[in-house]
Amino acid sequence: MENLIDGKAVAARVRVDVATRVAALKARTGVQAGLATVMVGEDPASAVYVGNKHTACHAAGMASFDVHLPGDITQGELHARIDEICADARIHGMIVQMPLPHHLDEAAALDRIVYAKDADGLTPAAQGMLATLRPGPRPATPNGVIQLLKAYDVEMRGAHAVIVGRSDIVGKPQAHLLLEQDCTVTICHSRTRDLAAITRQADILVAAVGRPRMLTAEHVRPGAVVIDVGINRLPEGLAGDVDFASVQPIARLITPVPGGVGPMTIAMLLHNTIEAAEAAASD
Ligand code: NAP
């Protein structure tokens, strides 16, 4: 289909760029960029995500460190492991795979990651740098959305971008990233009145709701660019937050699920890690 945004292809280009930079850094300084993942417990979906991150690291020539901790670990023990990783000079980026088991405090674990090694760009320090539009690691998924829009030459300056969702992981950083690109930004959430009246004003509509196929053709202005961040697991397979069947015919451009935003998240994680490794090598 002509109006599909091919996230796999854009992500592949980002990963080639990362691999080139990893090789150049190694040749210039002897430093091999490295990413560590911390997973707690046995969540099967998390295990798949972590495995994909390691595969992507190896393909880019990066070292990867797989820290898998027992599900009954205490908060203090988790923090001690995060501190060890942050102090390990072989590791330039790290992530804590979410969700953590219920007895652990996810925000406190994120707070423990030193800003310079924050490969997900989700620590309060990284979010603060983004909110004040200063340089720093950008949150991987919403930054992936920006890279998709750039790759398809979508005019962002002055465009009205409407985001449905205000989470710390997607919605809020997405708003700051789109502001950084000079969009006029509106954020909607579960308390928004007359959602469709607002989303129909969007030149760029970003769905990050976590409700399968919630945004239908009635929410979309014909000719809008529609970015679907949603990943919902249904018995019949994956579905986005956008009702692709009704929206695809009227959108100018649209991301499929899977194959749209999803592949960009890991690519941007690798991007943040090579940026951190280059910065560490130049210190
Ligand atoms: P989240 O923390 O559950 O946030 C969902 C947001 O949607 C909240 O702000 C919520 O509003 C809003 N919302 C819920 N129902 C709504 C409604 N009926 N009308 C308007 N807004 C509504 O989810 P998230 O972590 O941001 O993730 C969003 C989606 O993106 C999920 O499907 C997730 O799986 C996916 N995701 C994908 C990737 C990727 O790699 N592609 C990465 C992260 C997340 P309130 O704040 O008022 O509750």
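Now for a quick tour of the structure. Remember, predicted model here, so these are calculated numbers, not experimental data. (Residues numbered from 1 in each chain as written. Predicted model: local features only at pLDDT ≥ 70, side-chain atom pairs only at ≥ 80, totals over all residues. Heavy atoms only, no water.)

## Points about the overall build of the chain
At step 1: Helices and strands together make up the secondary structure of the chain, namely ten helices and ten strands.
At step 2: Rg of the C-alpha trace for the chain: 19 Å, near the compact-globule value of 19 Å for 283 residues, within the 12% margin.
At step 3: Along the longest, intermediate and shortest principal axes, the C-alpha atoms of the chain span 50 × 45 × 35 Å.
At step 4: By residue count, 49% of the 283 residues in the chain fall in the buried class. (Helix = DSSP H or I, 4+ residues; strand = E, 2+ residues; numbered from the N terminus. Rg over C-alpha atoms; globule rule 2.2 N^0.38 Å. Buried < 20%, exposed > 50% of the residue type's maximum accessible area, 1.4 Å probe, protein only.)

## A look at the site of the ligand
At step 1: Around the ligand, the structure places 21 residues, and the nearest of them are Arg166, Ser167, Ser190, Arg211 and Thr265.
At step 2: Serine 167 places a side-chain nitrogen or oxygen 2.5 Å from an oxygen atom of the ligand.
At step 3: Here an oxygen atom of the ligand and a backbone polar atom of isoleucine 231 are 3.0 Å apart.
At step 4: Burial of the ligand by the protein amounts to 70% of the accessible area it has alone, namely 930 Å². (Near = heavy atom within 4 Å. Polar contact = N/O pair within 3.5 Å; in protein donor to acceptor, adjacent residues only side chain to side chain. Areas by Shrake-Rupley, 256 points an atom, 1.4 Å probe, with all protein chains shown as cover.)

## Here we look at the pairing of strand E6 (residues 204–207)
At step 1: Alternating residues of E6 divide into Ile204 and Val206 and Leu205 and Ala207, and every residue in both groups is buried.
At step 2: Of the strand pairs in this sheet, strand E4 (residues 160–164) and E6 are connected by four bridges, and their pairing is parallel. The partner of isoleucine 163 across the bridge, within E6, is valine 206.
At step 3: Taken together, the four bridges between E6 and strand E7 (residues 225–228) define a ladder with parallel strand orientation. (Pairing = 2+ DSSP bridges.)

## Describing the sheet that holds strand E1 (residues 34–40)
At step 1: One open sheet holds the three strands; their spatial order is E2-E1-E3, and the pairing between them is parallel. Edge positions in the sheet fall to strand E2 (63–69) and strand E3 (93–96), since each of these pairs with one other strand and no more. Sheet twist, expressed as the average angle between the axes of neighbouring strands with direction ignored, equals 15 degrees.
At step 2: As paired strands, E1 and E3 are joined by four bridges and run parallel to one another. Paired with threonine 37 across the two strands is isoleucine 95, which belongs to E3. (Axes fitted to C-alpha atoms, helices over the stretch in contact; angles between N-to-C directions.)

## Some remarks on the pattern of salt bridges
Opposite charge on two side chains allows them to pair when their charged atoms are near.
At step 1: Applying the stated criterion to the full structure yields eleven salt bridges.
At step 2: The salt bridge partner of arginine 81 is glutamate 84, with a shortest N-O separation of 3.3 Å. Of this pair, arginine 81 and glutamate 84 both sit in helix H3 (residues 75–87), three residues apart, roughly one helical turn.
At step 3: Here the residues in one salt-bridge network are Asp17, Arg21, Glu275 and Glu278, joined through shared partners. (Salt bridge = Lys/Arg side-chain N within 4 Å of Asp/Glu carboxyl O.)

## Quick word on helix H7 (residues 171–180)
At step 1: Within the sequence span of H7, burial applies to Gly171, Pro173, Gln174, Ala175, Leu177 and Leu178.
At step 2: Tucked into the core, H7 has its buried residues touching helix H5 (124–131), helix H6 (140–151), E4, strand E5 (184–188) and E6.
At step 3: Aspartate 182 occupies a position one or two residues after H7 and carries a positive phi of about 70 degrees. (Contact = heavy atoms within 4.5 Å.)

## So, the sheet that holds E5
At step 1: Within the open sheet, the five strands sit side by side as E5-E4-E6-E7-E10. Their pairing is parallel. Two strands close off the open sheet at either side, each with one partner strand: E5 and strand E10 (253–254).
At step 2: Along the sheet, H7 contacts E4, E5 and E6; its crossing angle with E4, the most-contacted strand, is approximately 170 degrees.

## What about the packing of H5 against H7?
At step 1: For the pair H5 and H7, interaxial distance at closest approach is 9 Å and the crossing angle is 35 degrees. Considering only the axes of H5 and H7, their crossing is left-handed. For the pair H5 and H7, contact is made by Gln127, Leu130 and Ala131 and by Pro173, His176, Leu177 and Glu180, respectively.
At step 2: Looking at side-chain class alone, the contact of H5 with H7 contains four nonpolar, two polar and one charged residues. (Left-handed = near helix turned anticlockwise from the far one by under 90°. Nonpolar A, V, L, I, M, F, W, Y, C, P; charged D, E, K, R; others polar.)

## Things to note about the packing of H6 against helix H10 (residues 262–281)
At step 1: The contact between H6 and H10 brings their axes to 8 Å, and the two run at 105 degrees. If you check the angle between H6 and H10, you find them roughly perpendicular. Contacts between H6 and H10 involve Ala140, Thr141, Asn143, Gly144, Gln147 and Leu148 from the former and Met264, Thr265, Met268 and Leu269 from the latter.
At step 2: Within the contact of H6 with H10, the residues separate by chemical class into five nonpolar, five polar and no charged. (Parallel < 35°, antiparallel > 145°, perpendicular 65-115°, else oblique.)

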